[in-house]
Amino acid sequence: MLLCLFAFGAIIMQCSTTYYSQTKVSMSQSITAIEQLNCRPLTTLSEDEQMFRASVREFAEGELRPRVEQMDEHQKLDPAIIKQCFDLGLMGIETPEEYGGAGANFFSAILAVEELSRVDASVGVFVDVQNTLVNNAFIRWGTPEQKKEYLSRLASEDVGAYALSEPGSGSDAFAMQTRAVDVGDHYVLNGRKLWITNGIEAEIFVLFANANPEAGYRGITAFIVEKSFPGFAVGKKENKLGIRASSTVELILEDCQVPKANVLGEQGKGYKISIETLNEGRIGIGAQMIGVAAGALQSALAYTSERQQFGKSINEFQGVQFQLAEMATELEAARLLVYNAARMKDAGINFVKEAAMAKLYSSRVAEHVASKAIELYGGYGYVKDYPVEKYWRDSKIGAIYEGTSNMQLQTIAKLLIGGK
Ligand SMILES: Cc1cc2nc3c(=O)[nH]c(=O)nc-3n(C[C@H](O)[C@H](O)[C@H](O)COP(=O)(O)OP(=O)(O)OC[C@H]3O[C@@H](n4cnc5c(N)ncnc54)[C@H](O)[C@@H]3O)c2cc1C
């Protein structure tokens, strides 16, 4: 297997060297043309972005791919993969260098999530939650002391999780029942959180509770809760359809004591923190979904070139070629939406509608492309010996978390036609 991988890598290198020397003139011409433009095509990466993507791809192909099946089967991330994510700087991509992060932009985080999800969407979301939700909340709303303490830990060794949803409040997140009571020098939190990604691995939780229910959603407050705090416990772990290696758990807060210094942002500003972090997070889920679609398409391209029926490779049939072309076109359109939303975010342009569109569309594309890939594999697509059934299972979550597809449509519609 290893030999096979090395041989495959060598072939790719050989092919790309030949291709490069044959097309050197036209490539350098096109690079000059690109430089002359005021703005780059969305999918043209800078040198730094190319290098970063190549290093994530190398990790994903070399270290992650051999472990994917087993992690899915055992419903558990391999600790060696978690450690490598930290060692490679993937757990603090946007975190400033002074806190031990890579100090890169949001787009780089999106590239990482896409590349990881092309191989395994569970590791994709593991890295995504850490960067786009947890680190992001600390970078934007943390005090200097909180940043020093928590961003440093999150970049080097501690996994983070983001706890908003509850059994009775999902789409209607602000109807949460978890309460925080100010008792002088600390808060006491009581309630239950459900569906919390990374909950098994996490040490640090950005957790939302209402500290002033009379004020309605304006009582919602974000707290930094550590696993070791008295009264905090991790409950049931979900047994899921897809992203099975990613942990999804219930959190139980029974008189959980949280120091006053662990309010993130101001008391009563949790609703704003949750809305704004999720706006960015949605682009991350879009990246996860284009990664899933890319992985499924890559598998379908390889399989249809190998599989022989009626005396030839099935990709010689126009019917098959057209399906592959449709899949590639859908993926490209989804990737453009995701990259555009991410680049808008980095440029400081309002990206809320584009983020919702990117998540909505890319989750549909992932599901459709993965489903088509199964069909192109025929019976082999339906069994676990081949990778495509997993891509399909993993695609389904894109329409659910960080706001269901209906919620994305609601956001898009509101921004199109106004109103409450
Ligand atoms: C694997 C997984 C991981 C998750 N990770 C996290 C996490 O890390 N942190 C976290 O806080 N949460 C997490 N979630 C929770 C997730 O965000 C919620 O499941 C999601 O927001 C939907 O909420 P719900 O499940 O309560 O569904 P509901 O809100 O009950 O929705 C059920 C259906 O009703 C529709 N619906 C509801 N209201 C409306 C409306 N007004 N108009 C039209 N349709 C409507 C929805 O679109 C959906 O189709 C995760 C969920 C899963 C499954």
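Up top you'll find the structure we're talking about.
These figures come from a predicted structure and were not determined experimentally. (Residues numbered from 1 in each chain as written. Predicted model: local features only at pLDDT ≥ 70, side-chain atom pairs only at ≥ 80, totals over all residues. Heavy atoms only, no water.)

Let us look at the pattern of salt bridges. As enumerated under the stated definition, the model contains 32 salt bridges in all. We note a salt bridge from D78 to R67, for which the minimum N-O separation is 2.9 Å. Here R67 lies in the loop between α3 (47-64) and α4 (68-74) and D78 lies in the loop between α4 and α5 (79-87), a separation of 11 residues in the sequence. Residue R67 is classed as partly exposed on the basis of its relative accessible area of 21%. Close ionic contact of K345 with E94 constitutes a salt bridge, the shortest N to O distance being 3.9 Å. (Salt bridge = Lys/Arg side-chain N within 4 Å of Asp/Glu carboxyl O. Helix = DSSP H or I, 4+ residues; strand = E, 2+ residues; numbered from the N terminus. Buried < 20%, exposed > 50% of the residue type's maximum accessible area, 1.4 Å probe, protein only.)

Within the structure, the ligand sits among 19 residues, and S165, S171, W195, T197 and T404 are positioned closest to it. In this structure, S171 approaches the ligand through a side-chain N or O atom, which is 2.6 Å from an oxygen atom. At a separation of 2.9 Å, a nitrogen atom of the ligand approaches a polar side-chain atom of N406. In a pocket analysis with a 2 Å cut-off to the grid points, the ligand is assigned to the second largest pocket. Mapped by element, the contributors of at least two residues to the shell around the ligand are β1 (159-163), β3 (186-197) and α13 (405-417). (Near = heavy atom within 4 Å. Polar contact = N/O pair within 3.5 Å; in protein donor to acceptor, adjacent residues only side chain to side chain. 1 Å grid on protein atoms, 1.4 Å probe; cavity = no way out; pocket = protein on both sides within 12 Å on 5 of 7 lines; lining within 4 Å. Sits in = over half its atoms within 2 Å of the grid points.)

Two elements in contact, helix α7 (residues 121-141) and helix α8 (residues 144-156), have axes separated by 9 Å at closest approach and are oriented at 160°. If you check the angle between α7 and α8, you find them roughly antiparallel. Where α7 crosses over α8, the two elements pack in a sense that is left-handed. Of the residues in α8, those touching α7 at Q130, V134, N135, F138, I139 and W141 are Q146, K147, Y150, L151 and L154. (Axes fitted to C-alpha atoms, helices over the stretch in contact; angles between N-to-C directions. Parallel < 35°, antiparallel > 145°, perpendicular 65-115°, else oblique. Left-handed = near helix turned anticlockwise from the far one by under 90°. Contact = heavy atoms within 4.5 Å.)

Given a rise of 1.5 Å per residue, 13 residues ought to cover 18 Å, and the 18 Å separating the end C-alpha atoms of α13 matches this to within 8%. Inspection of α13 places S405, Q408 and I412 among the buried residues, and these make up the whole buried set. Each buried residue of α13 lies within a common arc of 60° when the element is viewed along its axis, so the set occupies one face. Opposite the buried face of α13, by more than 90 degrees, sit the exposed residues N406 and I417. Following α13 by one or two positions, G418 adopts a phi angle in the positive range, close to 80°. (Expected span 1.5 Å × (residues − 1). Arc of directions from axis to C-beta.)

Another point: the packing of aromatic side chains. The description of an aromatic ring pair uses the distance of the two centres, along with the angle that the planes make with each other. Applying the stated criterion to the full structure yields 13 aromatic pairs. Considering the side-chain rings of F138 and Y150, the 5.4 Å spacing of their centres and the 25° angle between planes classify their relative orientation as stacked. Of this pair, F138 sits in helix α7 while Y150 sits in helix α8; the two residues are 12 residues apart in sequence, bridging distant segments of the chain. Across the pair, exposure class does not vary: F138 and Y150 are buried alike. Pairing F205 with F232 gives two aromatic rings, centres 4.8 Å apart and planes at 50°, and the pair type is tilted. One end of the pair, F205, is in strand β4 (residues 202-210); the other, F232, is in strand β6 (residues 232-237), with 27 residues separating them in the sequence. This pair shows no difference in class: F205 is buried, exactly as F232 is. Each residue in the set Y303, Y377, Y380 and Y386 is aromatic and connected to the rest through ring pairs, giving one cluster. The ring of Y187 has K260 lying over it, and the distance from NZ or CZ to the ring centre is 5.7 Å. (Phe/Tyr/Trp six-rings, centres within 6.5 Å; stacked < 30°, edge-to-face > 60°. Lys NZ or Arg CZ within 6 Å of the ring centre and 35° of its normal.)

Our focus in this paragraph is the nonpolar core. F138, Y162, F208, L264, I283, M327 and V338 are the most contacted members of the largest nonpolar core, which totals 70 residues. Ranked by the residues each element gives to this core, the list is headed by helix α9 (residues 270-306), at 14 residues. Not counting the four nearest positions on each side in its chain, V338 is found in contact with I110, I283, G286, A287, I290, A358 and S362. A112, L116, Y187 and L207 belong to the second largest nonpolar core, which has 44 residues in total. (Core = buried A, V, L, I, M, F, W, Y, C linked by side-chain atoms within 4.5 Å.)

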